[in-house]
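Residues per chain, in single letters:
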Amino acid sequence: MEFLSLVSNPFALSTLAVIALLTVKLSRAYHAGSKFKHIPTLGPDGLWSSYITVFRWLTNSVEMVEEGYRLYPKKIFRIPTLDGWQIILNSTKFVDDLRRASDEQLSFVDATAVILRDYYTIHPKLMSNPYHVDVIRHSLTRNIDAGFGDIQEELESAVPEKIPLSEGTDWTEIHAWPAVLEIVVRTANRFLVGLPLCRDPDFRQLNIDFAMSVFKNAMIINLFPEFLHPIVGRVFSGRRVAMRKLKKHLQPIIEERLKMKEIYGKEWQDKPNDFIQWLIDAEEFAPLSQRSSVEDICARVLVVNFGAIDSTSTILAALYRLASNPDATEIMRNELESITRREGTTKAAVTQMQLLDSFLKESVRLSPSTAVGVFRRALKDFTFSDGTIVPSGTIITFATWAIMRDEEIYPGGSEFRPFRFAEMRGQEGEGTKHHFSTVSPEWLLFGQGRHTCPGRFFASTEIKAFLAYILMNYDVKFRDDSKNVPERSATQVHTGPDVEARVMFRKRRPKVD
Ligand code: HEM
């Protein structure tokens, strides 16, 4: 009777089916583990007991990374995850191994394919020639100076709209995450696609929805064994809806640009200077068939937005620290005022904001958006410099959370010292190092090697311009003058700043001593 009621209940049946498929998937991954016997495991590693670790990884990856870092200092360990065994590197000494490895040995693209299931969640054809990466690295980065005026103008319009200033003495409490998210998407798109599109609510929302859908759907698809991905990948994907909506906005623009290019060629006066045009003009990186395809260009606009939205959690991390560190706020304001008196509100001014750069970097050091980072997939058996052999097919990553708090690298590793990096820069021979966007073995935020984030210079400029605007125009605090930074949000390896927290703002007052 109970059995009958079970089989006639579609919800119970589908739950059972998912559990059965998950069991198949995990036991396959477990048996593949015989190839890893020489690498220590965190937690129990029996067929059934390893499920405990899988569950812990889903619910508290930070605690596990810290435990693995303590138990296996400067070594390599493994954990069972929904995506199979994952290898975690506990030392910056392995950065050199990763940098030396070719894409055919340790692949960024294949790691992304497993973690984000980008074939289903983003676009099936995009990664066969990811030329948008070259466009970001070259045209986009080269144009940050030229586009800075627009970025600043958009901030000056978007921030007061989302964080309204009242003339009275009252503070206004704002749910920070959605406000910052909208400002980021609008400001980034002022630079990427310009006016009026960057202010179009439908355009903004479709990009936000798409970015959110990628993580959520990849997680669901990864619950299923690979042979079912072509089916579940069709069901759990936000890309078709996003593409349909985006094409309505971009198709006429792209077609007009292609027509103008054909008519005027190199003589085109007043040619737009934006991401769409940089893609169309990228002869050295992609064939015309790609650069003139509406579908292809739309997919790359979606993907650059997916990257740009990453800045949101970085800004939140810094904003929460601003709200809890009024003394540092005053010191940074003095620096900003003297720089802007000299340079005006310019890109050159942003580059000189050394204390703000340090404050930002220190905020993210303690609130990175993932517990582990810099993912690669071994396409062949790979031997690390300590002799550890990692079998082909394995996902490899660094214990970034623990590395960024390591006392040997950062004395007082768990303490927030806002001007730590500015002080490090003050030491002899270190003047040009330790910036937020500078990549080093100790600073893994933007990755490593040939796949290091190409958008980091744009992100750094946009984020610092945003924070400078807040510092110069707002007082910021938490309710009841609390100095507690809100707990982190944690789903799977995502560990970014709390997305529920509220922050209080008011129009900036002169400081009374
Ligand atoms: C604070 C903000 C950002 C953070 C923390 C961040 C972080 C990262 C990381 C960790 C990687 C992987 C690097 C590796 O594995 O070695 C990456 C790659 C990438 N990022 Fe960013 N990113 C940010 C902003 C941006 C922005 C604004 C853009 C676009 C304008 C962007 C576009 C990309 C692209 C296209 C890749 C793939 C690179 C490749 O395929 O070689 N990111 N980013």
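Further up the page is the structure itself.
Okay, so let's go over this structure. Just so you know, these numbers come straight off a predicted model, no measurement behind them.

**A few points about the sheet that holds strand 10 (residues 502-507)**
1) Next: With antiparallel pairing, 3 strands are arranged side by side in an open sheet as 4-10-9. The open sheet has two free edges, formed respectively by strand 4 (172-175) and strand 9 (474-477), since each of these has just one partner strand. Here the average twist between neighbouring strands, direction ignored, is 35°.
2) Next: Judged from the 4 bridges that link them, strand 4 and strand 10 form a sheet pairing that is antiparallel. Bridge assignment links His175 to a residue of strand 10, and that residue is Arg502.
3) Next: Helix 17 (residues 311-324) rests against strand 9 and strand 10 of the sheet, and its axis sits at about 85° to strand 9.

**Focus on the site of the ligand**
1) Next: Taken together, 23 residues lie near the ligand, and Phe108, Arg376, Gln448, His451 and Cys453 sit nearest.
2) Next: Residue Arg376 places a side-chain N or O atom 2.8 Å away from an oxygen atom belonging to the ligand.
3) Next: In this structure, His451 approaches the ligand through a side-chain N or O atom, which is 2.7 Å from an oxygen atom.
4) Next: At the level of elements, helix 8 (131-142), helix 16 (294-308), helix 17, strand 5 (373-378) and helix 23 (456-473) are the ones that each hand at least two residues to the shell around the ligand.
5) Next: For the shell around the ligand, the class distribution of residues is 13 nonpolar, 8 polar and 2 charged.

**Considerations on the pairing of strand 9**
1) Next: Of the two faces of strand 9, the one carrying Tyr474 and Val476 and the one carrying Asp475 and Lys477 are both buried.
2) Next: As defined by bridge partners, strand 9 adjoins strand 10 across 4 bridges and the pair is classed as antiparallel. The residue bridging Tyr474 from the neighbouring strand is Lys507, located in strand 10.

**Topic: the pattern of salt bridges**
If charged atoms from side chains of opposite charge come close, those side chains can pair.
1) Next: Following the criterion strictly, the structure yields 34 salt bridges and no others.
2) Next: As a salt-bridge pair, Glu226 and Arg117 come within 3.9 Å of each other at their nearest N and O atoms. Remark: Arg117 occurs in the loop between helix 6 (108-115) and helix 7 (118-121) and Glu226 occurs in the loop between helix 11 (201-221) and helix 12 (229-235); sequence separation between them is 109 residues.
3) Next: In this structure Glu226 comes out as exposed when scored by relative accessible area, which is 55%.
4) Next: In this structure, Arg300 engages Asp296 in a salt bridge whose closest nitrogen and oxygen atoms are separated by 2.6 Å. With Arg300 and Asp296 both in helix 16 and 4 residues apart, the pair spans about one turn of that helix.

**Details of the nonpolar core**
1) Next: Counting residues in hydrophobic clusters, the biggest one holds 55 residues, and the most contacted among them are Val159, Phe466, Leu467, Ile470 and Phe505.
2) Next: Per-element tally for this core: the top contributor is helix 23, with 9 residues.
3) Next: Apart from residues no more than four positions distant in its own chain, Leu467 is found in contact with Ile315, Ala318, Leu322, Leu356 and Leu360.
4) Next: Judged by nonpolar contacts, the second largest core, of 46 residues, contains Ile122, Ala188, Leu250 and Phe306.

**Side note on the state of the cysteines**
1) Next: On inspection of all chains with the given rule, the structure shows 0 disulfides.
2) Next: Of all cysteine sulfurs in the structure, the one in Cys298 sits closest to Cys198, which takes part in no disulfide; the separation is 17 Å.
3) Next: Accessibility expressed as a relative area gives 0% for Cys198, which makes it buried.

**Digging into the coordination of the iron atom of the ligand**
Put simply, the ideal angle at a metal is 109.5 degrees for four donors in tetrahedral geometry and 90 or 180 degrees for six donors in octahedral geometry.
1) Next: Among all protein atoms, only Cys453 (SG) binds the iron atom of the ligand, sitting 2.3 Å from it.
2) Next: Of note, Cys453 is situated in the loop between helix 22 (420-426) and helix 23.

**Some thoughts on the sheet that holds strand 5**
1) Next: Pairing within the open sheet is mixed, and its 5 strands lie in the order 1-2-8-5-3. In this open sheet, the two strands that pair with only one neighbour each are strand 1 (76-81) and strand 3 (106-107).
2) Next: Where strand 2 (residues 84-89) meets strand 8 (residues 395-398), 4 bridges bridge the pair, whose relative direction is parallel. Across the sheet, the residue bridging to Leu89 is Phe398, located in strand 8.

**Some thoughts on unusual backbone geometry**
Backbone phi values are negative for most residues with the exception of glycine, while trans is the configuration of most peptide bonds.
1) Next: Each neighbour pair has its own omega, and for Leu195 with Pro196 the value is 0°, a cis peptide bond.
2) Next: With respect to the helices and strands, Pro196 occurs in the loop between helix 10 (176-192) and helix 11.
3) Next: A positive phi angle, near 60°, is found at Lys74, a position not held by glycine.
4) Next: Mapped onto the elements of the fold, Lys74 is located in the loop between helix 4 (61-71) and strand 1.
5) Next: For Val374, which is not glycine, the phi torsion reads 65° and is therefore positive.

**Things to note about the environment of Phe375**
1) Next: Relative to the elements of secondary structure, Phe375 occurs in strand 5.
2) Next: Among all residues touching Phe375, those that are not within four sequence positions of it are Gln86, Phe108, Ala111, Ile115, Ile395, Ile396 and Thr397.

**Examining the side chain of Asp281**
1) Next: Looking at the secondary structure, you find Asp281 in the loop between helix 14 (275-280) and helix 15 (288-291).
2) Next: When near neighbours in sequence (up to four residues on either side) are disregarded, Asp281 contacts Lys261, Lys271 and Arg291.

**A short note on the packing of aromatic side chains**
1) Next: Here the structure, examined in full by the defined rule, presents 14 aromatic pairs.
2) Next: Summarising the aromatic geometry, the rings of Phe36 and Trp85 are spaced 6.3 Å apart at their centres and angled 45° between planes, so their arrangement reads as tilted. Placement of the pair is Phe36 in the loop between helix 2 (10-32) and helix 3 (50-59) and Trp85 in strand 2, with a sequence separation of 49 residues. In terms of burial, Phe36 and Trp85 fall into one category: buried.
3) Next: Here Phe191 and Phe458 contribute two aromatic rings whose centre-to-centre distance is 4.9 Å and whose plane-to-plane angle is 20°, an arrangement assigned as stacked. Of this pair, Phe191 sits in helix 10 while Phe458 sits in helix 23, and the two are 267 residues apart along the sequence.

About the criteria used
- Throughout, residues of each chain are indexed from 1 in the direction in which the sequence is written.
- pLDDT decides what is reported in this predicted model: residues at 70 or higher carry local features, side-chain atom pairs at 80 or more are listed and counted, and totals for whole chains, interfaces and linings draw on all residues regardless.
- Side-chain numbers come from the whole structure's heavy atoms, not from hydrogens or water.
- For two strands to count as paired, DSSP must find a minimum of two bridges between them.
- In this text, helices come from DSSP runs of H or I with a minimum length of four residues, and strands from runs of E with a minimum of two, each type numbered from the N-terminal end.
- Each axis is a line fitted through C-alpha atoms, taken for helices only over the stretch in contact, and angles between the N-to-C directions span 0 to 180 degrees.
- Contacts between residues were defined by any pair of non-hydrogen atoms, one from each residue, lying within 4.5 Å.
- Near is defined per residue: the residue qualifies when any heavy atom it owns lies within 4 Å of the molecule or strand.
- Pairs of N or O atoms within 3.5 Å make up the polar contacts considered here, provided that, within protein, one atom can donate a hydrogen while the other can accept it, and that residues adjacent in sequence are counted only when both atoms are side-chain atoms.
- Amino acids are sorted into nonpolar (Ala, Val, Leu, Ile, Met, Phe, Trp, Tyr, Cys and Pro), charged (Asp, Glu, Lys and Arg) and polar (every other residue, Gly among them).
- In this scheme, a residue with accessible area under 20% of its type's maximum is buried, one over 50% is exposed, and one in between is partly exposed, where area comes from a 1.4 Å probe on protein chains only.
- By definition here, a salt bridge exists when the distance from a side-chain nitrogen of Lys or Arg to a carboxyl oxygen of Asp or Glu is within 4 Å.
- Here the nonpolar core consists of buried residues drawn from Ala, Val, Leu, Ile, Met, Phe, Trp, Tyr and Cys, with membership extended through side-chain atoms lying within 4.5 Å.
- For the purposes of this analysis, a disulfide is any pair of cysteine sulfur atoms at a distance within 2.5 Å.
- For Na, K and Ca the donor cut-off is 3.2 Å; for every other metal, N, O and S atoms count as donors within 2.8 Å. Water does not enter the count, which can leave sites looking incomplete.
- Working definition: rings of Phe, Tyr and Trp (its six-membered ring) pair if their centres are within 6.5 Å, and the pair is stacked with planes under 30 degrees apart, edge-to-face with planes over 60 apart, and tilted otherwise.

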